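A look at the structure
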Number of protein chains: 2
Amino acid sequence: MRLTFACGLVFCATLAPALAQIPATQLILGFRPESARKQRTLEARFDAALRKENLREWMQWMTAKPHHLGSPFGREVAEFIAAKFRAWGYETGLETFEVLFPTPKTRLLEMIAPEKFSAALREPQVAEDSTSGITENQLPVFNVYSPDGDVRGTLVYVNYGLPQDYERLEELGIEVKGKIVIARYGGSWRGIKPKVAAERGAIGCLIYSDPRDDGYFQGDVYPKGAWRNAQGAQRGSVADMPLYAGDPLTPGIGARKDAKRLPVNEVGKIVKIPVLPISQADALPLLTALGGPVAPELWRGALPMTYHLGPGPATVRLKLEFNWKLEATYNVIAKIRGAERPDQWVIRGNHHDAWNFGAADPVSGQVALMEEARGVSELLKTGWRPKRTIVYAAWDGEEQGLLGSTEWVETHADRLRKSAAVYVNSDSNSRGFLNMSGSHTLEKFINEVARDVIDPQKKIPVFERARAARIVNGSPEERKEARERSDLRIGALGSGSDYTPFLQHLGVASLNLGYSGEGAGGSYHSIYDSFDHYTRFGDPAFDYGVALAQTAGRVMLRLANADVLPFEFVSLGDTLGRYVTEITKLADSMRQETAERNRQIQEGTLHAYFDPKQPYVAPKPKPEVPSLSFRPLHNAVAKLQESSKHFAESMNQLNRAGRQLSAAAEESLDQVLLGSERALTRASGLPRRPWFKHQIYAPGLYTGYDVKTLPAVREAIEQRNWKEAEEQTALVAQTLEAMSREIDRATKLVRGSLGR
Amino acid sequence: MRLTFACGLVFCATLAPALAQIPATQLILGFRPESARKQRTLEARFDAALRKENLREWMQWMTAKPHHLGSPFGREVAEFIAAKFRAWGYETGLETFEVLFPTPKTRLLEMIAPEKFSAALREPQVAEDSTSGITENQLPVFNVYSPDGDVRGTLVYVNYGLPQDYERLEELGIEVKGKIVIARYGGSWRGIKPKVAAERGAIGCLIYSDPRDDGYFQGDVYPKGAWRNAQGAQRGSVADMPLYAGDPLTPGIGARKDAKRLPVNEVGKIVKIPVLPISQADALPLLTALGGPVAPELWRGALPMTYHLGPGPATVRLKLEFNWKLEATYNVIAKIRGAERPDQWVIRGNHHDAWNFGAADPVSGQVALMEEARGVSELLKTGWRPKRTIVYAAWDGEEQGLLGSTEWVETHADRLRKSAAVYVNSDSNSRGFLNMSGSHTLEKFINEVARDVIDPQKKIPVFERARAARIVNGSPEERKEARERSDLRIGALGSGSDYTPFLQHLGVASLNLGYSGEGAGGSYHSIYDSFDHYTRFGDPAFDYGVALAQTAGRVMLRLANADVLPFEFVSLGDTLGRYVTEITKLADSMRQETAERNRQIQEGTLHAYFDPKQPYVAPKPKPEVPSLSFRPLHNAVAKLQESSKHFAESMNQLNRAGRQLSAAAEESLDQVLLGSERALTRASGLPRRPWFKHQIYAPGLYTGYDVKTLPAVREAIEQRNWKEAEEQTALVAQTLEAMSREIDRATKLVRGSLGR
């Protein structure tokens, strides 16, 4: 999973009376009143079946040894999960793929000048952590999908290693061509750092954990506290994931044994220069040995030294060799066939593979999913059957780049396009606030669920806690909205967990759910992500594990049982309106900034200002930003908002009239709704990355995890490609028009039943 | 002087043609055209007389030994300066006062639990600094005007030790009553820290230099770089300076030998609890031994540890004993009698006392003043005589609290009220940008001067460099203004150097001038403020020492020679309008914030939000902020703006008509203008601090250095004293009305001469 720091992305609502008093007759989106009444009884029974002891027991078992992709215990974990599902009555299988997983043969990092130093590249055992001494099958500190390499060069400190950091270095007269860069973790997905470094001509890349972002600056370090200690380091994938997810050798197709594979040396997704993650302790001697200008203030971390940029005198040798082998993924797939609409699938997943012990990432989410599934199975014992098919998945190989989920999605793409209604993901989970992200067609639906789950600490709806966080931390506008808007806005999805192939490759409406914000961080992708760490700092009583099971469980039970799939389009239209406004403002502010910068160059202000004793390269004027027309997008969004309003009004009329659709009409409507998110994709995908087909949500080419909404247009603007921005504006407008037609089809079906 | 970091407060303009091409006939404010022509010739001769070698030679001599108040070499330095002035033809005297200057007999700081540690309290010799080994007469690391004391207590980290920091501690359930606080330097004048700590019941106070604000985080440390090293510490006064400046025993009167003195134990200005400054090295073991909650993010410095708040377990003993003695100040006063208006004085000052060697503070400013005075004396040799009397002053005892200047001002108050036209101050000076602060009646005047001095590095007017800095660093509004407004706004004066008694006690229009922003900091009030440090990092070639001499020299020559004193009131009216807007917004935003906070308490949002596992004390609602009327102030400012416009128009008519005032009328007008700033004072002073009489500018009661404009009203609002805010609004409005009447008197004199 991706890392979110404890500072927390949290979501947040008028403190309403506690849920307990809400009458069981309250309506639920997608349910007729009498169905809603039954559903609430079912959900109460579901809640009552959940046992937090199970989460603890399973976590302790699953985190006893390293269980990464390709490890013996990894397979045992998959079989353990499969056995549970089978025992609970699920139709269960283990589905395997063969994926590229290079592991290190040689890892060498030395400083060769001005002093000798050998990096330890090792996280030591700590007495308070009972699994930290287990070295058998432990994956060492490395970045997967680094190439082999043996490079020597002077070192340059590049802050987070993002494009804007290199622009700043250029102003200071520092180039990285032929040099080795050292970047700190943070600011983007880690794979962006070696990618940008290679684009600028660097020959190697080190990524270290600075205590400012991820260590003692944040809080006491492990084992005294939760935070990363001096020797702690962060493993992780560095493939160019924004190009495509999944196995690097089989883009777009399932990595079956006999699949046609790319040769490794033709894989564009594998980064071009050797890259290694190191601890603060290994980084300190290297950074201390840098000369050159003092780093800009915002670049300085919390190491006890003056941050310099170099280049050199620190000179390092980085030698990496990998065993370039295929490994088998073990995905656990468990189903309950729908009683009425078996060809409509609601899918729920969480990965089971870890970097090593992985108590937080991913076991905290996995055990909540398992207890949720067991709760559902308890309902089966009472004779209940879901209307739609429920699929539970435990994915393998997520850490290398969503391998298990992506290969499964690519393999079953046709079936999923036809049948998949919604994918619901989770990953790491801890104490705190409910995070809700996903397709905005599900914004209203997930808000309803959040109003019905009670926070285990505060005994108020988790919706209210999330709302309180937005009121306390938000800007005045965000505060006003959190108080006055009926729903909390949900986040848009970038990447970093297994929803990506579903949402962005296939166009399956998706949700990503989890609690966080009060569990202390610091163990991410370290051997210290252990049962001992998690039960001290993550969610000691597993209360939020149960809260996640209640939340995602309700989501699954409602999606499976609803009379009509609970999609809603007014929230989508509202959100798209905001995105188009953002893009318009982005172009405007780039135009103003470029004009101002050029003016400062031309009128001589920059020359008058700079200190002649400091390094400084006068910047050159940039071409002006032309006036761009986003009218096609504005028009398309206006149309979509109109269509959404009509659909919502039709559904309301139906309800107010006390009428209900015929079973056949309900199923037809469901078919339209089920496929609606597909209308937001284009078969040709995004420019230069055809695998990513969704036109509203994508991971950023230069952020990796963080979403870029309306990515084709937004990234063209960011890259100052005005022609492409204009072309893509037209294409995205067409996509939105297609979506409006789908919504109009749904409206027509409802109006038909209303006799109009 | 006060410390300003290198990040810099700088002032900033369309790059005009270089000055060299500006015709000598250009008008100068206060000068008739033909006088202006002569004046420019005079100034060119003045510039040509300046020699930077003198600055270097004098600095080297004056920084050879410690020369603080009461030291043998301090007296020698005063005599050296006096001898120079005498040699240059000035009527020169040494004027002495007897002032309270306690120096340490005992300084002891130990940690007694959980481990033993004795603080070194000493800055070691460094080989690269030739005076750092001179220990004879070196003042150790201490805070002057700490009381004697011997206290033991658990330690609490209080961030900068400001009132809002204690509010935050309260929310976290931490009290300082009976405890010893440790605060970091910064965020306010240092004397505020023990004052607020004592108000909250603390029994002792440590102030340390955190490397985040003042050490390796900022840049390489001494001697490798300019910044404060681990053992470096900051001496300084901790008297409650915002009550009154000068000798603590003789508020409001000159500290002559036979003056009536307060007993030391009745001096409200002496802080109530023992206080000691310590280095980063001495602070680290203490801070590392703190437990309790982790400090809020913005409170954390750059020490390699997790910042905790305590209280304890660190427990310390602080023992301080002082020798409570009187010392003699030696002020050098040097005059040139005015040829035409001898009773109009223009006064120029810079202090000569240091904490120890004091190359930057104050010698860099002092040697520029001396070279300026020598340049003026060269003009005397050509037969030129100033129209008005010129007074040069080198003050003693500034570091303890502006003792020399204040006692001189208090002693000669009657004479100064009658004769002082303008006081021009400087202090530390280094490479960079011209800082202009002072009375806004002089804003236009000092901008003209800044257009006529050429920056030694860039060969453009220093005005243009200052303007460039505002364009580069400013907000869009500030940028627009810097480009379009004819003058750069000058800063308002708080305190921290010798202008305070002139401006804020007597109401003498004042300017404070200096260059900074490119000389690296870190030696402030340390033994490493040395010739070696300054000539490596401050102003190695003394170019900006000469630039200061040119700037302040022009100011003096123009003030001394002008046909009419160059006061201008439109800038004042403009500035006052902004201050009243600020105050209105301050009250409005406090009202909104209070209402929002109360709402969050009442609706339960804060309760819903906070982490139950973290320390948290639910805040109580605060009384609502009433609606305040600032109408009297708005009206008074509108009147003043009207009067200012009339005066400016009258002067313009006079010029356009090619007319000139009679000598008698000029002198009458001068008398009105000379006294005009006095109209901005009230005899009763500010609430609870009658010594501060100026109604527009004062140091903040809880900032110390930083100015509070319209202080009586602004601080009443800040302290939520709504009744006083209303009363003071009326009084300040009366003051502004009095000022308008003075301006109207001036206008009448001019119109009289125009025959209307």
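Residues numbered from 1 in each chain as written. Chains lettered and ligands numbered in written order. Predicted model: local features only at pLDDT ≥ 70, side-chain atom pairs only at ≥ 80, totals over all residues.

Description of the overall build of chain A
- Scanning chain A for helices and strands turns up 22 helices and 18 strands.
- Taken over C-alpha atoms, the radius of gyration comes to 26 Å for chain A, in line with the 27 Å a tight globule of 756 residues would show.
- A burial count over chain A gives 58% of its 756 residues as buried. (Helix = DSSP H or I, 4+ residues; strand = E, 2+ residues; numbered from the N terminus. Rg over C-alpha atoms; globule rule 2.2 N^0.38 Å. Buried ≥ 20, exposed ≤ 12 C-beta atoms within 10 Å, placed from the backbone.)

Thoughts on the relation of the copies chain B and chain A
- Rotating chain B by 180° and translating it 0.0 Å along the rotation axis places it on chain A, where the RMSD comes to 0.0 Å. Each copy turns onto its partner about a two-fold axis.
- In this assembly the copies share their binding face: 97% of the residues contributing to the interface of chain B also contribute to that of chain A. (Least-squares fit on C-alpha atoms with pLDDT ≥ 70 in both. Contact = placed C-beta atoms within 7 Å.)

Comments concerning the interface of chain B and chain A
- Across the contact, 31 residues belong to chain B and 31 residues belong to chain A.
- Of all the secondary structure elements, the ones that give two or more residues to the side of chain B that touches chain A are α12 (462-473) and α18 (605-609) of chain B.
- It is α12 of chain B that provides the largest number of residues to the side of chain B that touches chain A, a total of six residues.
- Of the residues contributing to the side of chain B that touches chain A, the split by class is 16 nonpolar, seven polar and eight charged. (Nonpolar A, V, L, I, M, F, W, Y, C, P; charged D, E, K, R; others polar.)

Some remarks on the sheet that holds strand β3 (residues 117-118) of chain A
All names here are of chain A.
- A sheet is described by the order of its strands in space; here seven strands give the open sequence β3-β2-β10-β5-β6-β7-β9, paired in mixed fashion. Both outer strands of the open sheet, β3 and β9 (275-278), are each paired with one neighbouring strand and no more.
- As paired strands, strand β5 (residues 149-157) and strand β10 (residues 315-323) are joined by six bridges and run antiparallel to one another. If you follow Gly-149 over to β10, its bridge partner there is Leu-320.
- Packed onto the sheet, helix α5 (residues 192-199) meets β6 (180-184), β7 (204-208) and β9 and runs at close to 150° relative to β7.
- Contacts from helix α7 (residues 280-288) reach β2 (103-113), β3, β5, β6, β7, β9 and β10, with the element oriented near 130° to β6. (Pairing = 2+ DSSP bridges. Axes fitted to C-alpha atoms, helices over the stretch in contact; angles between N-to-C directions.)

Quick notes on the domain arrangement of chain A
Residues and elements named next belong to chain A.
- Segmentation of chain A into domains returns domain 1 (19-100 + 327-561), domain 2 (103-323) and domain 3 (570-753).
- Averaged C-alpha coordinates put domain 1 and domain 3 at centres separated by 28 Å.
- In this complex, domain 1 contributes 22 residues to the contact, which on the side of domain 3 involves 26 residues.
- For the side of domain 1 that touches domain 3, the element with the most residues is helix α14 (residues 499-506), which contributes three residues. (Domains from an automatic or database assignment.)

Let's talk about the packing of helix α1 (residues 33-49) of chain B against helix α8 (residues 359-380) of chain B
All names here are of chain B.
- One can describe the packing of α1 onto α8 by two numbers: an axis separation of 9 Å at closest approach and a directional angle of 125°. Here α8 runs oblique to α1, going by the angle between their axes. Crossing handedness for the pair α1 and α8: right-handed. Counted together, Leu-42, Arg-45, Phe-46 and Ala-49 of α1 and Gly-375, Glu-378 and Leu-379 of α8 form the full contact between these two elements. (Parallel < 35°, antiparallel > 145°, perpendicular 65-115°, else oblique. Left-handed = near helix turned anticlockwise from the far one by under 90°.)

Topic: unusual backbone geometry
- With an omega dihedral of 0°, the bond running from Ala-113 of chain B to Pro-114 of chain B counts as a cis peptide bond.
- In this model, Gly-310 of chain B is joined to Pro-311 of chain B through a cis peptide bond whose omega is 0°.
- On the secondary structure map, Pro-311 of chain B appears in the loop between α7 (280-288) and β10 (315-323).
- A positive phi angle, near 60°, is found at Lys-459 of chain A, a position not held by glycine.
- Looking at the element boundaries, Lys-459 of chain A is found in the loop between α11 (443-452) and α12 (462-473).
- Exposure remark for Lys-459 of chain A: the 10 C-beta atoms within 10 Å place this residue in the exposed category.
- Phi at His-525 of chain B is positive, roughly 60°, even though this residue is not glycine.

Some details on the packing of α8 of chain B against helix α15 (residues 531-538) of chain B
Residues and elements named next belong to chain B.
- Two elements in contact, α8 and α15, have axes whose closest approach is 10 Å; the angle formed by their N-to-C orientations is 70°. When the axes of α8 and α15 are compared, the pair comes out roughly perpendicular. Along the contact surface, α8 presents Ala-359, Ala-360 and Ser-364, while α15 presents Phe-531, His-533, Tyr-534 and Gly-538.
- Taken together, the residues that form the contact of α8 with α15 break down as four nonpolar, three polar and no charged.

Some details on the environment of Ser-571 of chain B
All names here are of chain B.
- On the secondary structure map, Ser-571 appears in helix α17 (residues 570-602).
- Sequence-wise, Ser-571 and Ser-35 are 536 residues apart; in three dimensions their C-alpha atoms are separated by 24 Å.
- For Ser-571, the residues in contact, after removing those within four places along its chain, are His-440, Glu-443, Lys-444 and Asp-487.

Brief notes about the pairing of strand β11 (residues 326-336) of chain A
Residue and element names in this part refer to chain A.
- With eight of its 11 residues buried, β11 lies for the most part within the structure.
- Here 10 bridges tie strand β1 (residues 91-100) to β11, and the two strands are oriented antiparallel to one another. Paired with Thr-92 across the two strands is Ala-334, which belongs to β11.
- In this structure, β11 lies alongside strand β13 (residues 388-395), joined through five bridges in antiparallel fashion. Across the sheet, residue Ile-333 finds its bridge partner in β13, namely Ala-393.

So, the environment of Arg-631 of chain A
- Within the secondary structure, Arg-631 of chain A sits in helix α19 (residues 631-656).
- The spatial distance from the C-alpha of Arg-631 of chain A to the C-alpha of Glu-464 of chain A is 38 Å, given a sequence separation of 167 residues.

Topic: the pairing of β10 of chain B
- For strand β2 (residues 103-113) of chain B and β10 of chain B, the ladder comprises nine bridges, and the chain directions are antiparallel. Pairing of Leu-108 of chain B across the sheet is with Lys-319 of chain B, part of β10 of chain B.

Details of the confidence of the model for chain A
All names here are of chain A.
- Chain-level statistics for chain A give a pLDDT mean of 94 and a share of 96% at 70 or above.
- Confidence drops under a pLDDT of 50 for residues 4-25, and excluding neighbours within four residues, the segment shows 56 contacts in the predicted structure.
- With pTM at 0.94, the complex prediction returns an ipTM value of 0.93. (pLDDT = per-residue confidence, 0-100.)

Overview of the sheet that holds strand β5 (residues 149-157) of chain B
All names here are of chain B.
- Across the sheet, seven strands lie side by side as β3-β2-β10-β5-β6-β7-β9; this open sheet has mixed pairing. Each end of this open sheet is capped by a strand with a single partner; those strands are β3 (117-118) and β9 (275-278).
- When strand β6 (residues 180-184) meets strand β7 (residues 204-208), the two strands line up parallel, connected through five bridges. Residue pairing in the sheet places Arg-184 in a bridge with Tyr-208 of β7.
- Sheet strands in contact with α7 are β2, β3, β5, β6, β7, β9 and β10, and its direction is about 130° off that of β6.

Overview of the environment of Ala-466 of chain B
- If you trace the backbone, Ala-466 of chain B turns up in helix α12.
- What makes Ala-466 of chain B buried here is the crowd of 27 C-beta atoms within 10 Å.

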